[in-house]
Amino acid sequence: GENVEQHPSTLSVQEGDSAVIKCTYSDSASNYFPWYKQELGKRPQLIIDIRSNVGEKKDQRIAVTLNKTAKHFSLHITETQPEDSAVYFCAASSDYKLSFGAGTTVTVRA
Amino acid sequence: EAGVVQSPRYKIIEKKQPVAFWCNPISGHNTLYWYRQNLGQGPELLIRYENEEAVDDSQLPKDRFSAERLKGVDSTLKIQPAELGDSAVYLCASSLKLGSPTLWNTIYFGEGSWLTVV
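The sections below set out a description of the structure shown in this document. No experiment lies behind these values; they were computed from the predicted model shown.

### With respect to the interface of chain B and chain A
Point 1. The partner chain A presents 20 residues to the 29 residues of chain B that form the contact.
Point 2. Across the chain B to chain A interface the summed buried area is about 2000 Å²; carbon plus sulfur atoms make up 54%.
Point 3. In this structure, the connection of chain B to chain A is made through two salt bridges.
Point 4. In this structure, Arg43 of chain A and Glu111 of chain B form a salt bridge, with 3.1 Å as the shortest nitrogen-oxygen distance.
Point 5. The interface formed by chain B and chain A includes five residue pairs in polar contact (both at pLDDT 80 or more).
Point 6. Sorting the residues of the side of chain B that touches chain A by element identifies strand S4 (31-37) and strand S5 (44-50) of chain B as the ones contributing at least two each.
Point 7. Take the side of chain B that touches chain A: its biggest share by element is three residues, from S4 of chain B.
Point 8. Considered class by class, the residues forming the side of chain B that touches chain A number 13 nonpolar, 11 polar and five charged.

### Some thoughts on the state of the cysteines
Residue and element names in this part refer to chain B.
Point 1. Under the criterion given, the structure shown has two disulfides over all chains.
Point 2. Through a disulfide, Cys23 is tied to Cys92; the S-S separation comes to 1.9 Å. An S-S torsion of about -70° defines the bridge between Cys23 and Cys92 as left-handed. In this pair, Cys23 is assigned in strand S3 (residues 19-24) and Cys92 in strand S9 (residues 88-95), connecting sequence segments 69 residues apart.

Each value, and the rule that gives it
- Residues numbered from 1 in each chain as written.
- Chains lettered and ligands numbered in written order.
- Predicted model: local features only at pLDDT ≥ 70, side-chain atom pairs only at ≥ 80, totals over all residues.
- Heavy atoms only, no water.
- Contact = heavy atoms within 4.5 Å.
- Buried area = accessible area lost by both parts, 1.4 Å probe.
- Salt bridge = Lys/Arg side-chain N within 4 Å of Asp/Glu carboxyl O.
- Polar contact = N/O pair within 3.5 Å; in protein donor to acceptor, adjacent residues only side chain to side chain.
- Helix = DSSP H or I, 4+ residues; strand = E, 2+ residues; numbered from the N terminus.
- Nonpolar A, V, L, I, M, F, W, Y, C, P; charged D, E, K, R; others polar.
- Disulfide = S-S within 2.5 Å.

Written out as structure tokens, the structure is:
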């Protein structure tokens, strides 16, 4: 089955700086890569996703890049704000089965 | 539009007792998932339904876990008997499957049912 590895496990950034989270996946058949944000005690919420036919996607301060050859994808958050503090999960999917990374706890310091 | 609804939100039970969780997906969503999330980890799939059919239950511990989605709408996940290691958040999610995986649609999660086994 699919194995998704996510790094780093924790990330502390100064407000206004950028945050980058990286994930690798094992199944070359995976074709859908969403990112979820989960605040403490809340449900995971989709913040951005990318499909295998696209190399990069951007939505305001959030961007995701995908390198299919290397089987890795990354989340970039620019101009971080305190409300960006949360746990972020990457996931990879083939045949409708989502496999999640272990999560990155992002703390934005004011 | 209501999101994915789960109940109960919190449950504390003694080991060896049974417990059941209920989920009502977003209206019209034909695909329903049950995930388990341990503290500090990502969600792990237990079972996936397409309508009333369980199409992927390979990760469901069938000796003590069972699930059903009889009418292809809401679903129940049961654990009997519960063990200490079952303490986790049980997340239900739903999506609308559109024919081809290339038309993947977003998976929406419920708030989860927090289980503590003592």
